[in-house]
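What follows is the residue order along each chain.
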Amino acid sequence: SYFLLYNSLSNDRNSNSSDYYKQNQNQRHRTWSARPLLLNSFLSSFTNLNEDENELVTGTKPSAKAKTRKRTLVPSKAAVNLTAQCRTFFKTIIENHMEEHPQVVGLMLRYQQASDGQPRMVFTFDFVSQEQIGSMDEGVSLEVLEDGVTPKPPEESASDGLPKLYVHQHAFMKVLGAKVDIREEDGMPVVLDREGNPLDPNV
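Okay, so let's go over this structure. Treat the numbers as computed from the prediction; the structure is a model and nothing was measured.

### Side note on the sheet that holds strand β4 (residues 104-113)
Item 1. If you trace the four strands from one edge of the open sheet to the other, you get β5-β4-β7-β6, paired in mixed fashion. On the outer flanks of this sheet lie β5 (121-129) and β6 (138-141), each paired with one strand and no other. For this sheet, the mean inter-axis angle between neighbouring strands, taken without regard to orientation, is 30°.
Item 2. As paired strands, β4 and β5 are joined by nine bridges and run antiparallel to one another. Bridge pairing in β5 places Q113 opposite M121.
Item 3. The sheet strands contacting helix α2 (residues 84-98) are β4, β5, β6 and β7 (164-167), and the helix crosses β4 at an angle near 115°.

### What about the side chain of K164?
Item 1. Relative to the assigned elements, K164 resides in strand β7.
Item 2. A polar contact is formed between the side chain of K164 and the side chain of D160, at a distance of 2.6 Å.
Item 3. At 3.1 Å, the side chain of K164 forms a polar contact with the backbone oxygen of L162.
Item 4. If we skip the residues at most four places from it in the chain, K164 touches I94, V105, G106, L107, G139, V140, S141, L142 and S157.

### Considerations on the sheet that holds strand β8 (residues 179-182)
Item 1. As summarised here, the arrangement of the three strands in space is β3-β8-β9, forming an open sheet in which the pairing is mixed. Here the strands that pair on one side only, and so sit at the sheet edges, are β3 (81-82) and β9 (189-192).
Item 2. Relative to β8, β3 is paired through two bridges, and the arrangement is parallel. Residue N81 lies in a different strand from β8, and its bridge partner there is K179.

Cut-offs used in this document
- Residues numbered from 1 in each chain as written.
- Predicted model: local features only at pLDDT ≥ 70, side-chain atom pairs only at ≥ 80, totals over all residues.
- Heavy atoms only, no water.
- Pairing = 2+ DSSP bridges.
- Helix = DSSP H or I, 4+ residues; strand = E, 2+ residues; numbered from the N terminus.
- Axes fitted to C-alpha atoms, helices over the stretch in contact; angles between N-to-C directions.
- Contact = heavy atoms within 4.5 Å.
- Polar contact = N/O pair within 3.5 Å; in protein donor to acceptor, adjacent residues only side chain to side chain.

Structure follows, in structure tokens:
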């Protein structure tokens, strides 16, 4: 009877173990089957596709079929103010220079180190072609509206194809709100502060 009891207990234990094993295996199978779904859900929660910019936050490169749109910010007001004399002077020298150099589209106002090797900064005005204009350089129209006085605003002049004065990105914050005029002594352009005094590039 002891032997029969032992066999009965063993069979019950084996049966329970087998049932437990099968149940555990089924549970594991369900768990592992669910993990890809959970992983996909997790990844999708951190993937944000901005249709306007066509950009994946996860850093994944967009497909070749995806279309991109370049966002351009047009300021409501020009970076610098130009006197009437300065507008006329710039338009004249640009038009004259374009006769032999048709690639020229305007002048670039730069803020850079002096070319004589001295440890000082200066403002310069150089002829510039379209290829030399950076995305962060800002154009200032040389035209005025029909009243003959009001400067043509950036939103109207940004794509008019006319010559402009461009403010280099490195000079932008230095000359923002300043005025460009023509010096009477030598007929050269000069940058003035808001009080009408020559703007010191080294301050």
